[in-house]
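Analysis of the macromolecular model
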Amino acid sequence: MTAPQELEHRLKLRSIKISDFEEIKEMMNMIYSKAGMGYTRKELKAQIDVFPEGQICIEDNGKVVAAALSLVVDYARFGDKHTYDQITGFGKYDTHSMDEGDTLYGTDVFVHPDYRGMRLGRRLYDARKELCENLNLRAIIAGGRIPGYKKYHEKLTPRQYINEVKHKEIYDPVLSFQMANDFHVRKVIRGYLPDDKESQSFATLLEWINIYYEEKEKLIGKRKTTARAGLVQWQMRKVDSVEDLLQQVEFFVDTVAGYKADFVVFPEFFIAPLMALFKDKSASDSVRLLAEYTEQIKDEMLNMAVSYNINIIAGSMPEYKGHKLFNVSYLLRRDGTVDSQYKLHITPDESNYWGVQGGDKIKVFDTDAGKIGILICYDVEFPELSRILADEEMEILFVPFWTDTKNAYLRVRRCAQARAIENECYVAIAGSVGNLPRVENMDIQYAQTAVFSPSDFSFPHDAIVAEATPNTETTVVVDLDLDLLKELRTKGSVRNLQQRRKDLYKLTFAMIRDKG
């Protein structure tokens, strides 16, 4: 007689119905017999009634083979020192609150023993994460059993046991799975399930952070998920006055604003053509005379930022105050506010020809299109600065630069690309082209303006978002997806920021880090 063929699997993810009770009860009896857990029909009905979206299951050919139960709570009301019965209202879910809640609390996940190895638990966890994101909740928190601890409780403390599981020296059927699903241990709690003998009454309090959580939904002025940036590859050309230069500046501001961009970026020392007006002066005197135009140009460009509704990164300009010469970039926001970032590292030429000195502060700037940093040219070649900015949640790094030869340009480019990968951010570099025959130390230019991304599946295959034709006056306009950065930092193939060995090294900044 021929043996009957096995049925093909027909898996379906759906909401739990009260008619599923007997199959769910059967699974819970098999899985939780030693933990003192389980629900009555009345309790399951209450859970479905108060939060049907949170009670989900997977069926196979009509039979429930896995399930996950959850509720929404105001977590501050309970805090980390709670028991399973307290947070679930002894299984009645009368603690559930969609109005006040900020956390999806996972009460149970279980899979029929015959279906283990099919990754059904991962499907349920992914569905929970999707629910958390769609409901705009801050996090998922769950109390997790550690059934494997029974074998080790005489040798290891709970904390030691968790560390061994984390480092894969010990496998725990619950905790190992949760850690593999991007949950981290928030706390160890005693007495969470008093009857759980396998876990010795201990439990882990686990948390998964919703990176898309918005504290308060705004109808207007909400956080942008995509920032549009326009970079100007600026032609150095003869000008007869500051008005001539500003006319060219306004042309590019107008052009880029016409594409509804959030930022327009100019190169380092883009106002250098004005130095030709001081042809009889030395290089050091010329740059100090140039600094006398800086305030006027800054004010005019701020007016453009407001009237054209675009944030302007005004390349860089010389600033002369207190007998000290600095190289400074201005952030001119479209709301009328101004910030500045001084160049910190000064090249030998800047020092020898002009006597420029370095600034002593570094800032992350809040804008209406994301958190940004500005590093002027040479500063991007020092990885410590970008890392400090990344620690302050910078999303886009703008680098106005000036280089005279291709090898000088490649130093900036290669370092900018490295900064994008190291710090999991976008890096946009904007340079100048052309010649200035009567300007000492600024006579030739080489540039290829570009925007770089991290290197992972969600980004361009070569980690180059866009780049201009070298040595041609033009603009580059790009859209930068900021949500991709959030995903990368928590789910990327590698996680350069998250996985630093802070137990071995740390980075500090000597001066106070200002936040714009």
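Scroll up a little and you will see the structure.
Let me begin by describing the structure that accompanies this report. Predicted model only: the values in this text are computed from it and were never measured. Every chain is numbered on its own, with residues counted from 1 as its sequence reads. A pLDDT threshold of at least 70 governs which residues receive local features in this predicted model, and a stricter bar of 80 or more applies before side-chain atom pairs are shown or counted, although totals over entire chains, interfaces and linings include all residues. Hydrogen atoms and water are omitted, and side-chain values are computed over all heavy atoms in the structure.

1. Section: the pattern of salt bridges
What counts here: Salt bridge, as applied in this entry: a Lys or Arg side-chain nitrogen positioned within 4 Å of an Asp or Glu carboxyl oxygen. Using a 1.4 Å probe on the protein chains alone, a residue whose accessible area is under 20% of its type maximum counts as buried, one over 50% counts as exposed, and one in between counts as partly exposed. For helices the rule is a DSSP run of H or I covering at least 4 residues; for strands it is a run of E covering at least 2, with both sets numbered from the N terminus onward.
Evaluated as defined, the whole model comprises 28 salt bridges. The partner of Lys238 in a salt bridge is Asp240, and the shortest N-O contact between them spans 2.6 Å. Each member of the pair Lys238 and Asp240 is classed as exposed. Close ionic contact of Asp391 with Arg500 constitutes a salt bridge, the shortest N to O distance being 2.7 Å. With a gap of 109 residues between them, Asp391 in helix α12 (residues 383-391) and Arg500 in the loop between α14 (482-491) and β22 (514-515) connect regions that are remote in the sequence. A residue is classified by how much of its surface remains accessible, and Asp391, at 35% relative accessible area, is partly exposed. Looking at Arg500, the relative accessible area reads 16%, which means it is buried. In the salt-bridge network here, residues are joined through shared partners; they are Asp80, Arg138, Arg186 and Glu207.

2. Describing the sheet that holds strand β1 (residues 11-15)
Heads up, the condition is: Any two strands between which DSSP finds at least two bridges are classified as paired. In this description, a line fitted to the C-alpha atoms serves as the axis of each element, helices being fitted only across the stretch in contact, and the angle between N-to-C directions of two axes falls anywhere from 0 to 180 degrees. Should any heavy atoms of two residues lie within 4.5 Å, those residues are considered in contact.
In spatial order, the strands read β1-β2-β3-β4-β5-β7-β6; together these seven strands make up an open sheet with mixed pairing. The open sheet has two edge strands with one neighbour each: β1 and β6 (184-190). Across this sheet, the average inter-strand angle for adjacent strands is 25°, counted without regard to direction. With five bridges joining them, strand β2 (residues 56-60) and strand β3 (residues 63-73) adopt antiparallel strand pairing. Across the sheet, residue Cys57 finds its bridge partner in β3, namely Ala67. Those strands touched by helix α5 (residues 120-134) are β1, β2, β3, β4 (103-111), β5 (139-145) and β7 (202-209), and its axis lies near 165° from that of β4.

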